[in-house]
Amino acid sequence: MYVLVEFKGKQYKAVKGELLKVDKIDAEPGTAINIDTVLLVSSDSVKVGNPYVSGVKVSATVESHGKDGKIIVFKYKPKKDYRRKKGHRQEYSIIKIGDISA
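Because the structure is predicted, anything quoted here is derived from the model rather than measured. (Residues numbered from 1 in each chain as written. Predicted model: local features only at pLDDT ≥ 70, side-chain atom pairs only at ≥ 80, totals over all residues. Heavy atoms only, no water.)

Undergrad: Describe the side chain of S93, and please don't skip the residues or the numbers.
TA: Along the chain, S93 falls in strand β10 (residues 91–101). Owing to a relative accessible area of 0%, S93 belongs among the buried residues under this scheme. Among the polar contacts made by the side chain of S93, one reaches the side chain of H65 at a distance of 2.8 Å. Residues in contact with S93, not counting those within four places in the same chain, are L20, K21, V22, D23, K24, I25, S64 and H65. (Helix = DSSP H or I, 4+ residues; strand = E, 2+ residues; numbered from the N terminus. Buried < 20%, exposed > 50% of the residue type's maximum accessible area, 1.4 Å probe, protein only. Polar contact = N/O pair within 3.5 Å; in protein donor to acceptor, adjacent residues only side chain to side chain. Contact = heavy atoms within 4.5 Å.)

See below:
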């Protein structure tokens with residue numbers, strides 16, 4: 001059984017017991033969170049929401065936080081002596097999917 005959830009503006013496939021890498025959450029590791037924006041439930045049959053499936057919740061716990069690798073953003077315009085170089089590291093949180101209550 002799996003569900004598709006919308007969390008912080010992005011969609012994720014959630015399966016019980018798996019880890020998800022999501023955008024940074026302002027919560028300490030070990031904190032429980034509930035996600036009730038479920039878009040699709042797939043078990044024996046598929047149930048699609050309009051826009052969300054009612055009565056389905058996903059519980060998860062925050063495992064850890066971290067930063068992704070560096071991405072280099074380089075802009076330039078030829079023959080104009082314009083060059084800009086910036087780096088960016090996106091912060092993320094790892095959450096563990098607990099129970100899916102349907």
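What follows continues from the structure just given.
Undergrad: Describe the pairing of strand β5 (residues 38–42), with residues and values.
TA: Strand residues, when the strand is regular, have side chains that alternate between the two faces of the sheet. Of all 5 residues that make up β5, 5 are buried, and the element is covered over most of its length. With 4 bridges joining them, strand β1 (residues 2–7) and β5 adopt antiparallel strand pairing. Of the residues in β5, the one forming a bridge with L4 is L40. Of the strand pairs in this sheet, β5 and strand β6 (residues 46–48) are connected by 3 bridges, and their pairing is antiparallel. Across the sheet, residue L40 finds its bridge partner in β6, namely V48. (Pairing = 2+ DSSP bridges.)

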